[in-house]
Amino acid sequence: MLKIATWNVNSLKVRLEHVLEWIKSAQPDVLALQEIKMQSDAFPHDIFRELGYHAIVSGQKTYNGVALLSKQPMLVETAVSDFPGYCDEQRRILGVEIDGVFILNLYVPNGAAVGTDKYLYKLIWLDHLRNFLTSLLNKRQKMIVLGDFNIAPTDQDVHEPMLWQGGVLVSEKERAAWKSLIDLGFVDCYRKSPVGETQYSWWDYRQAAFRRNMGLRIDHVLASAALVDHLQGCEIDKIPRTWERPSDHAPVMASFLL
DNA sequence: ATGGTGGTCCCACCA
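Residues numbered from 1 in each chain as written. Chains lettered and ligands numbered in written order. Predicted model: local features only at pLDDT ≥ 70, side-chain atom pairs only at ≥ 80, totals over all residues. Heavy atoms only, no water.

Caption draft 1: Representation of the side chain of Arg217. Following the sequence through the fold, Arg217 ends up in the loop between strand E11 (215–216) and strand E12 (219–223). You can call Arg217 buried: its relative accessible area is 1%. For Arg217, the side chain forms a polar contact with the side chain of His220, separated by 3.3 Å. Apart from the residues lying within four places of it in its own chain, the contact partners of Arg217 are Ile151, Ala152, Pro153, Asp157, Asp188, Tyr190, Arg191, Thr198, Gln199, Tyr200, Ser201 and Ile236. (Helix = DSSP H or I, 4+ residues; strand = E, 2+ residues; numbered from the N terminus. Buried < 20%, exposed > 50% of the residue type's maximum accessible area, 1.4 Å probe, protein only. Polar contact = N/O pair within 3.5 Å; in protein donor to acceptor, adjacent residues only side chain to side chain. Contact = heavy atoms within 4.5 Å.)

Caption draft 2: A look at the protein's contact with DNA strand B. Neighbouring residues of DNA strand B: 17 residues in total, closest Ser11, Arg15, Thr62, Lys118 and Arg206. Among the atoms of DNA strand B close to the protein, meaning within 4 Å, 78% are from sugar or phosphate groups. Contacts to DNA strand B include Thr62, whose side-chain N or O atom sits 3.4 Å from a phosphate oxygen. At 3.2 Å, a side-chain N or O of Lys118 approaches a phosphate oxygen of DNA strand B. The class makeup of the residues in the surface near DNA strand B is 4 nonpolar, 5 polar and 8 charged. (Near = heavy atom within 4 Å. Nonpolar A, V, L, I, M, F, W, Y, C, P; charged D, E, K, R; others polar.)

Caption draft 3: Seen up close, the nonpolar core. Among the nonpolar cores identified, the biggest contains 32 residues, and Ile4, Leu68, Ile103, Ile144, Cys189, Ala254 and Phe256 are the most heavily contacted of them. Not counting chain neighbours up to four residues away, the residues in contact with Ile144 comprise Leu2, Ile4, Val101, Phe102, Ile103, Leu104, Val221, Leu222, Leu227 and Phe256. (Core = buried A, V, L, I, M, F, W, Y, C linked by side-chain atoms within 4.5 Å.)

Caption draft 4: Summary view of the sheet that holds strand E8 (residues 143–148). In space, the 6 strands of this open sheet follow the order E5-E6-E7-E8-E12-E9, with mixed pairing throughout. Among the strands making up the open sheet, the edge pair consists of strand E5 (75–80) and strand E9 (187–188). Here helix H3 (residues 117–139) sits on the sheet and contacts E5, strand E6 (93–98), strand E7 (101–107) and E8; the angle it forms with E7, its principal contact strand, is near 180°. (Pairing = 2+ DSSP bridges. Axes fitted to C-alpha atoms, helices over the stretch in contact; angles between N-to-C directions.)

Okay, structure coming up:
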């Protein structure tokens with residue numbers, strides 16, 4: 001069984017105890033972290049090694065920053081932290097091969113608001129992502145792409161679609177970009193293994209959004225076609241969102257029988 | 001209309 005999870009922690013410094021606590025109970029084989037908001041040399045490798053995890057990091061001061069934890073050794077010579085041919089100072093991707101599966105951890109730009117420079121950056125970034133995945137699929141059959149996509153794929157993934165209509169995270173262009181990824185042959189693991197009513201993965205800190213379950217499902221695990229038949233399940237764990245001083249995101253974990 | 005970060009000890013930026 002391969003248990004692989006994603007979690008936007010919104011500062012690993014602040015959330016380290018939450019991450020350790022969650023790892024101990026959920027026991028993922030691989031954990032993709034986003035928004036660690038620290039430089040690579042500040043990453044607490046020793047603490048995770050004590051729990052049995054190797055780590056690779058693409059860190060950045062203040063903003064962004066991604067990391068991958070894995071119980072199995074990672075093939076570091078396969079690691080990538082940039083789209084080929086696209087210069088981006090922001091540390092948002094980290095890919096590596098683990099046990100014959102290529103894992104790609106993403107922190108997709110938020111986009112701020114439709115029509116802004118940041119929104120345009122998001123769309124361009126997603127275009128580079130699609131191109132990168134297309135080229136990866138030529139040499140890799142087994143791929144898992146996971147992270148904070150900052151896109152709610154359909155209105156089903158939004159607590160109050162009318163309220164969000166046309167806005168960032170749900171706009172047509174973002175959803176078209178999402179579909180272009182799915183059309184490469186990826187499957188949204190959460191939708192492949194439904195567990196009843198949609199659970200959200202993110203709730204705004206404001207307006208008591210979590211208490212009122214005003215959330216969006218924007219954190220995802222995608223599996224390439226070659227892995228879909230091995231998918232056992234995919235769950236969103238909202239418990240850490242109830243903890244003191246939580247991240248605004250919940251961890252999402254998919255299980256594969258390989 | 002909250003929360004994290006960092007440069008200045010309140011404010012700007014980002015989500």
